[in-house]
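Coordinate inspection notes
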Amino acid sequence: MAEKKYSIPAGAKSAAKRALKWIGDGKAGSGFTAVGRARAAQLARGGSVSREVVGKMRSYFARHEVDKKADGFYANSDKYPSAGRVAWDAWGGDAGRSWVNKLSLDD
């Protein structure tokens, strides 16, 4: 039986594309990882992801929710986009978080 795939929603794809632009503009910061770059590229391409990727995305968002409190996370702040915001969007942004948290992985 083939592994179930989960279709990447447009909002997560859009956030990842925005992150790739910011990465290209040098706004990702020195701590930005190759994993973050790869996830942004994967989500920006669209298509679907595996259950394992969905689990990794859930874990990322749970660990990094605190980044939303930092200076530069929101568009109306001076340091926008912060490195944390770039990373958040690389993982699909708010749309990605909402999506993976709604999915049932029990099947």
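Model, not experiment: these values are computed from the prediction.

Some points on the packing of aromatic side chains
Going through the model one piece at a time under the given rule, you end up with 7 aromatic pairs. Their ring planes at 85° and their centres at 5.5 Å tell us that W22 and Y80 sit as a pair that is edge-to-face. In this pair, W22 sits in helix α1 (residues 10–24) while Y80 sits in the loop between α3 (51–64) and α4 (83–90), placing the two residues 58 residues apart along the sequence. A relative accessible area of 26% means that Y80 is categorised as partly exposed. Relative to W88, the ring of Y60 lies with its centre 6.4 Å away and its plane at 50°, an arrangement referred to as tilted. Pair noted here: Y60 is in helix α3 and W88 is in helix α4, with a separation of 28 residues, a long-range link. Side by side, Y60 and W88 carry an identical accessibility label, which is buried. Three or more aromatic residues joined by ring pairs form one cluster here, namely Y60, F61, F73, Y74, W88 and W91. In this structure, R85 packs its charged tip against the face of F73, placed 5.1 Å from the ring centre.

Rules and cut-offs
Residues numbered from 1 in each chain as written. Predicted model: local features only at pLDDT ≥ 70, side-chain atom pairs only at ≥ 80, totals over all residues. Heavy atoms only, no water. Phe/Tyr/Trp six-rings, centres within 6.5 Å; stacked < 30°, edge-to-face > 60°. Helix = DSSP H or I, 4+ residues; strand = E, 2+ residues; numbered from the N terminus. Buried < 20%, exposed > 50% of the residue type's maximum accessible area, 1.4 Å probe, protein only. Lys NZ or Arg CZ within 6 Å of the ring centre and 35° of its normal.

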